[in-house]
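Descriptive structure summary
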Amino acid sequence: MTARPQPVASGTASFPPWLESRFDQERARLMTLSPFAFGAEEVRGRIELHRNDYLRLGQHPAVVRARREADEQLGAVRGNDCPGASTTAQASLRSLLRASLRASDVVLTSSGWSANVGLLEALAYPGLPVYFDEESHGSLRDGASTAHARLIPIAHHDTAALEQLVARFGPGVVCIDAVNSTRGCRAPVEDYLAVCERYDCVLVLDESHAFGMMGCGAGGLAVERDCADRVHFRTMSFGKALGGHGGAIAIGGAHALRDARAAHYATAINQAIALRLHPVLFSSTTSPALAAGHERALRLAIAEPWRAERCVGLATRLRDALKARGVPAFGHASQIVSIAFDDLGACRMFEALRDRGVLGAVFLPPVIARGSLLRFTVHAESTAQDVDETIELLLALAGSGCSAPARA
């Protein structure tokens with residue numbers, strides 16, 4: 001006879017045994033890590049190479065002022081009462097984004113994560129092949145899983161393998177990052193497009209770490225490569241180059257949607273996608289006040305290209321110096337530089353650098369597929385001295401045996 005569960009004392013909460021066992025192994029693993037969390041007060045006075053506010057626009061006085069003024073003008077109106085509603089600030093941001101991204105339309109979302117999840121959920125259906133780069137952002141896979149699509153991984157930037165898989169399993173959706181968020185490498189977008197166009201696939205390009213940083217008008221990698229009109233859908237987060245909260249989905253023009261016969265077809269697709277985005281329909285979009293700040297930040301990014309150029313230039317200095325001394329650093333022509341470590345070496349190196357005044361960011365599974373990484377993101381207010389001090393510290397610590405980088 002099964003014993004009845006004992007009542008829990010009033011005012012206390014108890015997790016059931018099945019839930020505790022579910023996380024026991026992960027808890028034990030986390031207990032072995034060197035502490036790498038830190039509070040805001042610990043950032044002050046250190047070299048900051050851990051944040052995503054690449055262009056340092058999140059707290060720019062003009063951006064803060066734009067948010068405040070929009071908030072004051074709106075009064076009690078803080079968001080949209082129904083799907084499809086739009087304030088002047090949101091409409092103005094969408095208009096600027098369409099021009100910057102060279103898109104036929106733009107849908108605002110509450111985050112880059114919700115843009116990816118919502119778009120894949122709207123595009124896919126049970127059994128549809130969704131091919132995703134194994135290093136791409138997990139939110140793309142989350143959306144495809146929600147739609148019960150058939151998830152098919154492809155090796156990082158291996159378009160030959162993609163072509164073989166598509167020839168075997170049929171047309172579907174191909175998901176890649178324009179700039180990989182942890183390794184900082186740029187995708188061969190044209191090669192992916194060639195496969196998609198040969199096999200009637202749809203390309204979803206996550207521009208989160210490229211938007212604002214690359215291309216004419218800060219429009220991202222597809223704009224820089226002059227292929228924006230061929231990419232069906234692009235997603236992005238406003239939490240990277242623009243330094244805020246929110247995201248967007250950019251929908252390609254009629255050419256990308258492969259219907260030159262009907263000019264209205266692109267509009268029909270835009271409306272259909274917007275009406276199927278669950279994160280927007282059942283949650284929220286970018287708020288009007290934030291939209292006003294994002295518009296000002298994007299205008300600054302466009303008017304002051306030196307910000308992005310400085311990020312990429314100093315990151316190249318860091319990456320090249322490490323490689324020249326035998327440290328295998330990832331990345332290419334982007335603001336992101338990362339180093340792979342065996343096991344928990346990234347945590348030990350993080351702690352050693354933090355104690356000496358440099359902050360990076362640790363990435364462990366399941367955030368990345370395997371291994372661990374220490375990532376550095378150079379920002380617009382970084383200096384050559386900051387980068388050189390980081391190089392010297394990294395080389396000294398690696399040489400002292402603090403934690404040896406893994407081979408790429």
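Worth saying up front: this structure is predicted, and the values here are computed from it rather than measured. (Residues numbered from 1 in each chain as written. Predicted model: local features only at pLDDT ≥ 70, side-chain atom pairs only at ≥ 80, totals over all residues. Heavy atoms only, no water.)

Some words on the overall build of the protein
Rules: Here a strand is any run of E in DSSP of at least two residues, a helix any run of H or I of at least four, and the numbering for each starts at the N terminus. Under the scheme applied here, a residue whose accessible area is under 20% of the maximum for its type counts as buried, over 50% as exposed, and between as partly exposed, the area being computed with a 1.4 Å probe on protein chains only. Every residue pair with non-hydrogen atoms within 4.5 Å of one another is taken to be in contact.
Tallying secondary structure elements over the protein gives 14 helices and 13 strands in all. Relative to its full complement of 408 residues, the protein shows a buried share of 51%. For the protein, long-range pairs separated by at least 24 residues make up 72% of all intrachain contacts whose partners lie at least 6 apart in sequence.

Looking at the sheet that holds strand 3 (residues 129-133)
Stated formally: At least two bridges found by DSSP between two strands is the condition for calling them paired. What counts as an axis is a line fitted to C-alpha atoms, over the stretch in contact for a helix, and the angles between N-to-C directions run from 0 to 180 degrees.
Taken in spatial order, the seven strands of this open sheet run 2-8-7-6-5-3-4, and their pairing is mixed. Each edge of the open sheet carries a strand with a single partner, namely strand 2 (105-109) and strand 4 (150-154). Neighbour-to-neighbour, the strand axes of this sheet turn through a mean angle of 20 degrees, independent of strand direction. Bridge count between strand 6 (residues 202-206) and strand 7 (residues 233-237): three bridges; the pairing is parallel. Counted as the bridge partner of Leu205 is Arg234 from strand 7. Across the sheet, helix 3 (residues 88-101) touches strand 2, strand 7 and strand 8 (247-251), and the angle it forms with strand 2 is around 130 degrees. Sitting on the sheet, helix 7 (residues 189-199) touches strand 3, strand 4, strand 5 (173-177) and strand 6, and the angle it makes with strand 6 is about 160 degrees.

Considering helix 13 (residues 345-355)
With eight of its eleven residues buried, helix 13 lies for the most part within the structure. Buried residues along helix 13 sit against strand 10 (336-341), strand 11 (358-359), strand 12 (361-363), strand 13 (372-377) and helix 14 (384-399). Positive backbone phi, approximately 100 degrees, marks Gly357, located one or two places after helix 13.

Remarks on the nonpolar core
Test applied: Residues grouped as a nonpolar core are buried Ala, Val, Leu, Ile, Met, Phe, Trp, Tyr and Cys residues, joined through side-chain atoms within 4.5 Å.
In terms of nonpolar packing, the biggest core is built from 60 residues, with Leu97, Val174, Val189, Leu203 and Phe238 touching the most fellow members. Per-element tally for this core: the top contributor is helix 11 (residues 288-303), with six residues. Leu49, Leu322, Phe350 and Leu395 belong to the second-largest nonpolar core, a separate cluster that totals 32 residues.

Thoughts on the confidence of the model for the protein
Put simply, the rule is: The predictor rates its confidence in each residue with pLDDT, a number between 0 and 100.
Per-residue confidence for the protein averages 87 on the pLDDT scale, and 86% of its residues sit at or above 70. Looking across the protein, the model is least confident in helix 9 (residues 265-274), with a mean pLDDT of 68, and most confident in helix 6 (residues 159-169), with 98.

Considerations on the packing of helix 3 against helix 11
We apply this condition: Geometric relationships in this document are graded by angle, where less than 35 degrees denotes roughly parallel, more than 145 denotes roughly antiparallel, 65 to 115 denotes roughly perpendicular, and other angles denote oblique. Take the far helix as your reference; a near helix turned counterclockwise from it by less than a right angle gives a left-handed crossing, and one turned clockwise gives a right-handed crossing. The residue classification treats Ala, Val, Leu, Ile, Met, Phe, Trp, Tyr, Cys and Pro as nonpolar and Asp, Glu, Lys and Arg as charged. All others, Gly included, are polar.
Between helix 3 and helix 11, the shortest axis-to-axis distance is 8 Å and the interhelical angle comes to 30 degrees. When the axis of helix 3 is compared with that of helix 11, the two are roughly parallel. For the pair helix 3 and helix 11, the sense of crossing is left-handed. Only Pro288, Ala291, Ala292, His294, Glu295, Leu298, Arg299 and Ile302 of helix 11 make contact with helix 3, whose side of the interface consists of Ala89, Gln90, Ser92, Leu93, Leu96, Leu97 and Ser100. Looking at the contact of helix 3 with helix 11 residue by residue, the class counts come to nine nonpolar, four polar and two charged.

Brief notes about the pairing of strand 5
Applicable threshold: The path from the first strand over the helix to the second decides the hand: if it runs clockwise while the strands point away from the viewer, the crossover is right-handed.
For strand 5, the buried fraction is high: five of the five residues fall into the buried class. The alternating pattern of strand 5 places Val173, Cys175 and Asp177 and Val174 and Ile176 on opposite faces, both of which are buried. Bridging between strand 3 and strand 5 involves three bridges; their strand directions are parallel. Of the residues in strand 5, the one forming a bridge with Val130 is Val173. Here strand 5 runs beside strand 6; their pairing, made up of five bridges, is parallel. If you follow Val174 over to strand 6, its bridge partner there is Leu203. Between the parallel pair strand 5 and strand 6, the chain is carried across by helix 7, and the sense of this crossover is right-handed.

Observations regarding the pairing of strand 4
The pairing of strand 3 with strand 4 spans five bridges and is parallel. The partner of Pro129 across the bridge, within strand 4, is Arg150. You can see the chain leave strand 3, run along helix 5 (residues 138-146) and come back into strand 4, and the turn it takes is right-handed.

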